[in-house]
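Here's the letter readout for the chains.
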Amino acid sequence: MERKNISSAVIHRLPRYYRYLGELKDVGIERISSGELSKKMNVTASQIRQDLNNFGGFGQQGYGYNVEYLYDEIGKILGLNKSYNVIIIGAGNLGRAIANYSNFEKRGFVVKAIFDKNIELKGQTIRGAKVYHIDELEDYITNESVDIVALAIPKTQAGDVANILINHGVKAFWNFAHTDLDVPGDVVVENVHLSESLMRLSYNLAKKESEDK
């Protein structure tokens, strides 16, 4: 399928479509209309049709969408029809939580190794992934295939570690460090700033409380 420029808003909705369609598929629902899907997702039927038309539409007038087919096609758009080797930098609480979340592996994101500066953690395993000392990082990425790196380390360390990884060919970062990475144009970064998400929640809560007065 030819890729065209898609708005970030559409891209952000695609995983939600995938999740809801997966839930429908699991309970045996074979087809659904844009109107029925809109009620579940709190997105207008028109918006759903516009979003999916960016990728070819997939629906049939009078029939709606075949749930399993649409689920599979969105999975392909999201790149979930293949697996990715993931390593985690940081074996603290956040790094461990990421490693222990089994749903990632079900989606094709396989945690292969974890790195930390704490020498006492070396040799441990977290859900099957071995913990290495951070000094072993360069040797590892030289000899192993790494598709995605999750950064679960302080922001003071993130930039230097990212640069080392980029110099060894890493092209994708899942960045939990509270800083924006300065990366070349061919490197993709998905920032997950937990405190910013919490502040947005705080804003919406304060806004709702103000409206209710």
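Our structure is the block above this text.
To keep things clear, this report deals only with the structure shown in the data block. (Residues numbered from 1 in each chain as written. Predicted model: local features only at pLDDT ≥ 70, side-chain atom pairs only at ≥ 80, totals over all residues. Heavy atoms only, no water.)

1. Details of the overall build of the chain
Here is step 1 of the chain: In terms of helices and strands, the chain carries nine helices and nine strands.
Here is step 2 of the chain: Taken over the C-alpha atoms alone, the chain extends approximately 60 × 50 × 35 Å along its principal axes.
Here is step 3 of the chain: Per-residue burial over the chain gives 38% buried out of 213 residues.
Here is step 4 of the chain: Put simply, 55% of the contacts in the chain that link residues at least 6 apart link residues at least 24 apart.
Here is step 5 of the chain: Seen as two clouds, the 26 positive and the 27 negative side-chain charges of the chain have centres 7 Å apart. (Helix = DSSP H or I, 4+ residues; strand = E, 2+ residues; numbered from the N terminus. Buried < 20%, exposed > 50% of the residue type's maximum accessible area, 1.4 Å probe, protein only. Contact = heavy atoms within 4.5 Å. Lys, Arg positive; Asp, Glu negative; His and termini not counted. Charge placed at Lys NZ, Arg CZ, Asp CG, Glu CD.)

2. Some details on the sheet that holds strand S5 (residues 125–126)
Here is step 1 of the chain: The strand order across the open sheet built from seven strands is S5-S6-S4-S3-S7-S8-S9, with neighbouring strands paired in mixed fashion. Strands with a single pairing partner mark the edges of an open sheet, and in this sheet they are S5 and strand S9 (188–191).
Here is step 2 of the chain: Of the strand pairs in this sheet, strand S4 (residues 109–116) and strand S6 (residues 129–133) are connected by four bridges, and their pairing is parallel. Its bridge partner being in S6, Asp 116 is matched across the sheet by His 133.
Here is step 3 of the chain: Its contacts with the sheet put helix H8 (residues 155–167) on strand S3 (84–89), strand S7 (148–151) and strand S8 (172–175), and the angle it makes with S7 is roughly 170 degrees. (Pairing = 2+ DSSP bridges. Axes fitted to C-alpha atoms, helices over the stretch in contact; angles between N-to-C directions.)

3. Let's talk about the pairing of S6
On a regular strand, one side chain projects to one face of the sheet and the next to the other, so that they alternate.
Here is step 1 of the chain: Extensive coverage of S6 is indicated by the burial of four of its five residues.
Here is step 2 of the chain: Where S5 lies against S6, two bridges are found, and the strand directions are antiparallel. For Ile 126, the partnering residue across the bridge sits in S6 and is Ala 129.
Here is step 3 of the chain: Between the antiparallel neighbours S5 and S6 lie two residues, among them Arg 127 with a positive phi of about 50 degrees.

4. Concerning the packing of helix H1 (residues 8–26) against helix H2 (residues 34–41)
Here is step 1 of the chain: H2 packs onto H1 with a crossing angle of 105 degrees between their chain directions and a minimal axis gap of 11 Å. Considering the angle they form, H1 stands roughly perpendicular to H2. In this structure, H1 contributes Arg 16, Tyr 17, Tyr 20 and Leu 24 to the contact, and H2 contributes Leu 37, Lys 40 and Met 41. (Parallel < 35°, antiparallel > 145°, perpendicular 65-115°, else oblique.)

5. Concerning the nonpolar core
Here is step 1 of the chain: Of all hydrophobic cores here, the largest spans 23 residues; its most connected members are Tyr 17, Leu 21 and Ile 74.
Here is step 2 of the chain: Those elements giving two or more residues to this core turn out to be H1, H2, helix H3 (45–53) and helix H4 (67–77).
Here is step 3 of the chain: With seven residues, the top contributor of residues to this core is H1.
Here is step 4 of the chain: Among all residues touching Leu 21, those that are not within four sequence positions of it are Val 67, Leu 70, Tyr 71 and Ile 74.
Here is step 5 of the chain: Judged by nonpolar contacts, the second largest core, of 22 residues, contains Ile 87, Phe 115, Ile 166 and Val 187. (Core = buried A, V, L, I, M, F, W, Y, C linked by side-chain atoms within 4.5 Å.)

6. Here we look at the packing of aromatic side chains
Here is step 1 of the chain: Under the definition given, this model contains nine aromatic pairs.
Here is step 2 of the chain: Consider the rings of Tyr 101 and Phe 104, whose centres lie 4.6 Å apart with planes at 75 degrees: the pair is edge-to-face.
Here is step 3 of the chain: Ring pairing ties together the aromatic residues Tyr 101, Phe 104, Trp 174 and Phe 176, which thus form one cluster. (Phe/Tyr/Trp six-rings, centres within 6.5 Å; stacked < 30°, edge-to-face > 60°.)

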